[in-house]
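Letter by letter, the chains look like this.
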Amino acid sequence: AQTVTQSQPEMSVQEAETVTLSCTYDTSESDYYLFWYKQPPSRQMILVIRQEAYKQQNATENRFSVNFQKAAKSFSLKISDSQLGDAAMYFCAYRSGRYGGSQGNLIFGKGTKLSVKP
Amino acid sequence: SQTIHQWPATLVQPVGSPLSLECTVEGTSNPNLYWYRQAAGRGLQLLFYSVGIGQISSEVPQNLSASRPQDRQFILSSKKLLLSDSGFYLCAWTPRASAGGRRDTQYFGPGTRLTVL
(Lines give C-alpha, C1' and ligand atoms only; values in the text may rest on other atoms or scores of the structure.)
Protein backbone atom coordinates (compact mmCIF):
# COMPACT_ATOMS: atom_id res chain seq x y z
CA ALA A 1 0.00 0.00 0.00
CA GLN A 2 1.11 3.51 -0.70
CA THR A 3 2.04 5.87 2.11
CA VAL A 4 2.78 9.57 2.33
CA THR A 5 4.96 11.04 5.05
CA GLN A 6 5.36 14.66 6.05
CA SER A 7 8.08 14.76 8.67
CA GLN A 8 7.68 18.42 9.65
CA PRO A 9 4.59 18.97 11.82
CA GLU A 10 5.29 22.71 11.95
CA MET A 11 7.41 25.19 10.04
CA SER A 12 7.96 28.90 10.29
CA VAL A 13 9.16 31.45 7.75
CA GLN A 14 9.76 35.17 7.72
CA GLU A 15 7.64 37.20 5.35
CA ALA A 16 9.29 37.59 1.92
CA GLU A 17 11.65 34.68 2.51
CA THR A 18 11.65 31.17 1.09
CA VAL A 19 10.57 27.98 2.82
CA THR A 20 10.61 24.34 1.76
CA LEU A 21 8.14 21.74 3.01
CA SER A 22 9.14 18.09 2.81
CA CYS A 23 7.16 15.10 1.64
CA THR A 24 8.22 11.53 0.98
CA TYR A 25 6.09 8.70 -0.29
CA ASP A 26 6.30 5.00 -0.81
CA THR A 27 4.89 3.20 -3.83
CA SER A 28 5.68 0.37 -6.19
CA GLU A 29 3.87 2.06 -9.05
CA SER A 30 5.65 3.93 -11.81
CA ASP A 31 2.71 6.03 -12.92
CA TYR A 32 1.11 8.32 -10.36
CA TYR A 33 0.31 11.91 -9.44
CA LEU A 34 1.42 14.02 -6.54
CA PHE A 35 -0.29 17.07 -5.11
CA TRP A 36 0.14 19.79 -2.56
CA TYR A 37 -3.02 21.15 -0.98
CA LYS A 38 -3.29 24.20 1.26
CA GLN A 39 -5.79 24.38 4.10
CA PRO A 40 -6.11 27.91 5.51
CA PRO A 41 -8.03 28.67 8.73
CA SER A 42 -11.29 28.51 6.74
CA ARG A 43 -10.39 24.80 6.35
CA GLN A 44 -11.29 24.57 2.68
CA MET A 45 -8.73 22.44 0.85
CA ILE A 46 -7.17 24.40 -2.00
CA LEU A 47 -5.06 22.79 -4.69
CA VAL A 48 -1.63 24.41 -4.79
CA ILE A 49 0.28 22.35 -7.31
CA ARG A 50 0.15 19.06 -9.20
CA GLN A 51 2.94 16.85 -10.53
CA GLU A 52 2.70 13.98 -12.96
CA ALA A 53 5.26 11.29 -12.17
CA TYR A 54 6.14 10.65 -15.80
CA LYS A 55 7.20 14.26 -16.23
CA GLN A 56 10.75 15.01 -15.21
CA GLN A 57 10.18 18.74 -15.20
CA ASN A 58 9.24 20.14 -11.82
CA ALA A 59 5.83 21.82 -11.66
CA THR A 60 5.61 25.52 -10.86
CA GLU A 61 2.67 27.79 -10.05
CA ASN A 62 3.72 31.39 -9.53
CA ARG A 63 5.58 31.48 -6.18
CA PHE A 64 5.10 27.76 -5.61
CA SER A 65 7.39 25.13 -7.06
CA VAL A 66 8.22 21.53 -6.32
CA ASN A 67 11.39 19.49 -6.25
CA PHE A 68 10.31 16.09 -7.51
CA GLN A 69 12.90 13.36 -7.03
CA LYS A 70 11.29 10.19 -8.37
CA ALA A 71 14.10 7.81 -7.51
CA ALA A 72 14.25 9.13 -3.96
CA LYS A 73 10.44 9.27 -3.75
CA SER A 74 10.62 12.82 -2.54
CA PHE A 75 8.25 15.68 -3.38
CA SER A 76 9.06 18.93 -1.59
CA LEU A 77 7.21 22.23 -1.94
CA LYS A 78 9.09 25.50 -2.13
CA ILE A 79 7.30 28.74 -1.39
CA SER A 80 9.18 31.82 -2.52
CA ASP A 81 8.59 35.37 -1.32
CA SER A 82 6.36 34.10 1.48
CA GLN A 83 3.27 36.14 2.24
CA LEU A 84 1.09 36.33 5.33
CA GLY A 85 -1.69 34.66 3.37
CA ASP A 86 0.49 31.57 2.89
CA ALA A 87 0.02 30.67 6.55
CA ALA A 88 -1.92 27.41 6.53
CA MET A 89 -1.74 23.66 6.85
CA TYR A 90 -0.14 22.07 3.82
CA PHE A 91 -0.94 18.52 2.83
CA CYS A 92 0.99 16.34 0.43
CA ALA A 93 -1.11 13.75 -1.41
CA TYR A 94 -0.56 10.79 -3.72
CA ARG A 95 -2.85 9.36 -6.37
CA SER A 96 -2.32 6.22 -8.40
CA GLY A 97 -2.05 6.62 -12.14
CA ARG A 98 -4.60 3.86 -12.59
CA TYR A 99 -8.31 4.47 -12.93
CA GLY A 100 -11.25 2.55 -11.64
CA GLY A 101 -12.55 1.64 -8.23
CA SER A 102 -10.56 2.95 -5.30
CA GLN A 103 -7.50 3.69 -7.38
CA GLY A 104 -8.62 7.25 -7.88
CA ASN A 105 -8.53 7.92 -4.17
CA LEU A 106 -6.02 10.32 -2.66
CA ILE A 107 -3.62 9.28 0.07
CA PHE A 108 -2.74 12.21 2.29
CA GLY A 109 0.16 12.97 4.59
CA LYS A 110 -0.58 14.29 8.06
CA GLY A 111 0.20 17.85 7.11
CA THR A 112 2.66 20.63 7.95
CA LYS A 113 1.48 23.76 9.69
CA LEU A 114 3.21 26.79 8.19
CA SER A 115 3.42 30.05 10.08
CA VAL A 116 4.52 33.28 8.41
CA LYS A 117 6.09 35.96 10.58
CA PRO A 118 5.69 39.62 9.60
CA SER B 1 -17.01 26.80 -14.59
CA GLN B 2 -17.51 24.11 -12.03
CA THR B 3 -18.40 24.79 -8.42
CA ILE B 4 -19.03 22.59 -5.43
CA HIS B 5 -21.33 23.46 -2.56
CA GLN B 6 -21.75 21.96 0.88
CA TRP B 7 -24.65 22.50 3.21
CA PRO B 8 -24.84 23.34 6.05
CA ALA B 9 -21.59 25.14 6.83
CA THR B 10 -21.87 24.52 10.56
CA LEU B 11 -23.96 22.09 12.55
CA VAL B 12 -24.34 21.31 16.24
CA GLN B 13 -26.24 18.13 17.02
CA PRO B 14 -26.94 16.10 20.16
CA VAL B 15 -25.69 12.56 20.53
CA GLY B 16 -28.17 10.08 19.09
CA SER B 17 -29.73 12.52 16.64
CA PRO B 18 -29.80 11.93 12.87
CA LEU B 19 -27.51 13.63 10.39
CA SER B 20 -27.78 14.71 6.78
CA LEU B 21 -25.02 16.63 5.02
CA GLU B 22 -25.40 17.62 1.42
CA CYS B 23 -22.86 18.16 -1.35
CA THR B 24 -23.73 19.36 -4.84
CA VAL B 25 -21.54 20.01 -7.86
CA GLU B 26 -22.44 22.39 -10.66
CA GLY B 27 -21.07 22.78 -14.14
CA THR B 28 -20.11 19.19 -14.84
CA SER B 29 -21.75 15.82 -15.36
CA ASN B 30 -21.15 12.37 -13.92
CA PRO B 31 -18.31 13.36 -11.61
CA ASN B 32 -16.66 11.05 -9.11
CA LEU B 33 -17.61 12.21 -5.63
CA TYR B 34 -15.90 11.77 -2.29
CA TRP B 35 -16.63 12.33 1.41
CA TYR B 36 -13.77 12.95 3.83
CA ARG B 37 -13.65 13.57 7.56
CA GLN B 38 -10.99 15.56 9.32
CA ALA B 39 -10.79 15.40 13.10
CA ALA B 40 -9.29 18.38 14.91
CA GLY B 41 -5.57 18.73 14.20
CA ARG B 42 -5.45 15.61 12.08
CA GLY B 43 -5.30 14.54 8.47
CA LEU B 44 -8.08 13.58 6.10
CA GLN B 45 -9.84 10.26 6.29
CA LEU B 46 -11.71 9.05 3.22
CA LEU B 47 -15.19 7.86 4.17
CA PHE B 48 -17.03 7.17 0.92
CA TYR B 49 -16.64 7.60 -2.79
CA SER B 50 -19.06 7.29 -5.68
CA VAL B 51 -18.52 6.77 -9.39
CA GLY B 52 -22.19 7.16 -10.35
CA ILE B 53 -25.80 7.40 -9.21
CA GLY B 54 -26.53 4.78 -6.58
CA GLN B 55 -22.93 3.53 -6.61
CA ILE B 56 -21.32 4.01 -3.21
CA SER B 57 -18.12 2.50 -1.86
CA SER B 58 -17.27 2.66 1.82
CA GLU B 59 -13.71 2.95 3.00
CA VAL B 60 -14.25 2.89 6.73
CA PRO B 61 -16.98 0.88 8.56
CA GLN B 62 -18.90 3.14 10.93
CA ASN B 63 -22.34 4.45 11.70
CA LEU B 64 -22.30 6.78 8.70
CA SER B 65 -23.78 6.10 5.28
CA ALA B 66 -23.77 7.89 1.95
CA SER B 67 -26.15 8.14 -0.94
CA ARG B 68 -26.11 9.60 -4.40
CA PRO B 69 -29.71 10.16 -5.47
CA GLN B 70 -28.79 12.42 -8.38
CA ASP B 71 -25.80 12.72 -10.65
CA ARG B 72 -24.31 15.74 -8.93
CA GLN B 73 -25.62 15.26 -5.40
CA PHE B 74 -23.88 13.36 -2.65
CA ILE B 75 -25.39 12.98 0.82
CA LEU B 76 -23.76 11.85 4.04
CA SER B 77 -26.13 10.50 6.67
CA SER B 78 -26.35 8.93 10.07
CA LYS B 79 -29.30 7.54 11.99
CA LYS B 80 -27.69 8.15 15.38
CA LEU B 81 -24.71 10.42 15.88
CA LEU B 82 -21.85 9.56 18.22
CA LEU B 83 -19.51 11.96 19.98
CA SER B 84 -16.72 10.60 17.79
CA ASP B 85 -18.54 11.81 14.68
CA SER B 86 -17.53 15.39 15.46
CA GLY B 87 -15.19 16.84 12.90
CA PHE B 88 -14.89 18.70 9.65
CA TYR B 89 -16.50 17.01 6.67
CA LEU B 90 -15.24 17.72 3.21
CA CYS B 91 -16.78 16.76 -0.10
CA ALA B 92 -14.64 16.54 -3.22
CA TRP B 93 -15.13 15.77 -6.89
CA THR B 94 -13.12 14.76 -9.93
CA PRO B 95 -14.26 15.23 -13.51
CA ARG B 96 -14.85 12.37 -15.90
CA ALA B 97 -12.55 12.11 -18.87
CA SER B 98 -15.47 12.71 -21.20
CA ALA B 99 -16.27 15.97 -19.43
CA GLY B 100 -12.78 17.35 -19.88
CA GLY B 101 -10.57 18.61 -17.13
CA ARG B 102 -8.04 16.74 -15.06
CA ARG B 103 -9.75 13.60 -13.88
CA ASP B 104 -6.80 12.82 -11.66
CA THR B 105 -7.31 15.93 -9.53
CA GLN B 106 -9.76 16.29 -6.66
CA TYR B 107 -11.43 19.63 -5.99
CA PHE B 108 -12.84 20.26 -2.56
CA GLY B 109 -15.91 22.02 -1.25
CA PRO B 110 -15.92 24.51 1.63
CA GLY B 111 -16.71 21.85 4.22
CA THR B 112 -19.16 21.36 7.09
CA ARG B 113 -18.09 21.71 10.69
CA LEU B 114 -20.03 19.18 12.79
CA THR B 115 -20.07 19.26 16.57
CA VAL B 116 -21.80 16.45 18.43
CA LEU B 117 -22.61 17.24 22.07
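Residues numbered from 1 in each chain as written. Chains lettered and ligands numbered in written order. Predicted model: local features only at pLDDT ≥ 70, side-chain atom pairs only at ≥ 80, totals over all residues. Heavy atoms only, no water.

Size of an interface, as often reported, equals the accessible area lost when the parts are brought together. Contact with chain B, which involves 22 residues of that partner, is made by 19 residues of chain A. On inspection of chain B and its partner chain A, the count reaches zero salt bridges. Of the residues assigned to the side of chain B that touches chain A, the class counts are 11 nonpolar, five polar and six charged. (Contact = heavy atoms within 4.5 Å. Salt bridge = Lys/Arg side-chain N within 4 Å of Asp/Glu carboxyl O. Nonpolar A, V, L, I, M, F, W, Y, C, P; charged D, E, K, R; others polar.)

All names here are of chain A. Inspection of every chain in the model, using the stated rule, returns two disulfides over all chains. Sulfur-sulfur distance for the disulfide between Cys 23 and Cys 92 comes to 2.0 Å. Negative torsions about the S-S bond denote left-handed disulfides, and the value of about -70° found for Cys 23 with Cys 92 makes this one left-handed. With Cys 23 in the loop between β3 (19-21) and β4 (24-26) and Cys 92 in strand β10 (residues 88-96), this residue pair connects regions lying 69 residues apart in the sequence. (Disulfide = S-S within 2.5 Å. Helix = DSSP H or I, 4+ residues; strand = E, 2+ residues; numbered from the N terminus.)

Further remarks concern the nonpolar core. Residue and element names in this part refer to chain A. Judged by nonpolar contacts, the single largest core of 25 residues is most densely connected at Tyr 25, Trp 36, Phe 75, Leu 77 and Tyr 90. Among the secondary structure elements, those contributing two or more residues to this core are β3, β5 (32-39), β6 (46-52), β8 (64-69), β9 (74-79), β10 and β12 (112-117). Here Tyr 90 is in contact with Gln 6, Leu 21, Trp 36, Tyr 37, Lys 38, Val 48, Phe 64, Leu 77, Ile 79, Gly 111, Thr 112 and Leu 114, once residues within four sequence places are set aside. (Core = buried A, V, L, I, M, F, W, Y, C linked by side-chain atoms within 4.5 Å. Buried < 20%, exposed > 50% of the residue type's maximum accessible area, 1.4 Å probe, protein only.)

The next subject is the sheet that holds strand β8 (residues 73-78) of chain B. Residues and elements named next belong to chain B. The strand order across the open sheet built from four strands is β1-β3-β8-β7, with neighbouring strands paired in antiparallel fashion. Looking along the sheet, the strands with just one partner apiece sit at the ends: β1 (3-7) and β7 (64-70). When the angles between neighbouring strand axes are averaged without regard to direction, this sheet yields 20°. As paired elements, strand β3 (residues 19-26) and β8 share six bridges and run antiparallel to each other. Each residue of the ladder has a partner; that of Ser 20, found in β8, is Ser 77. (Pairing = 2+ DSSP bridges. Axes fitted to C-alpha atoms, helices over the stretch in contact; angles between N-to-C directions.)

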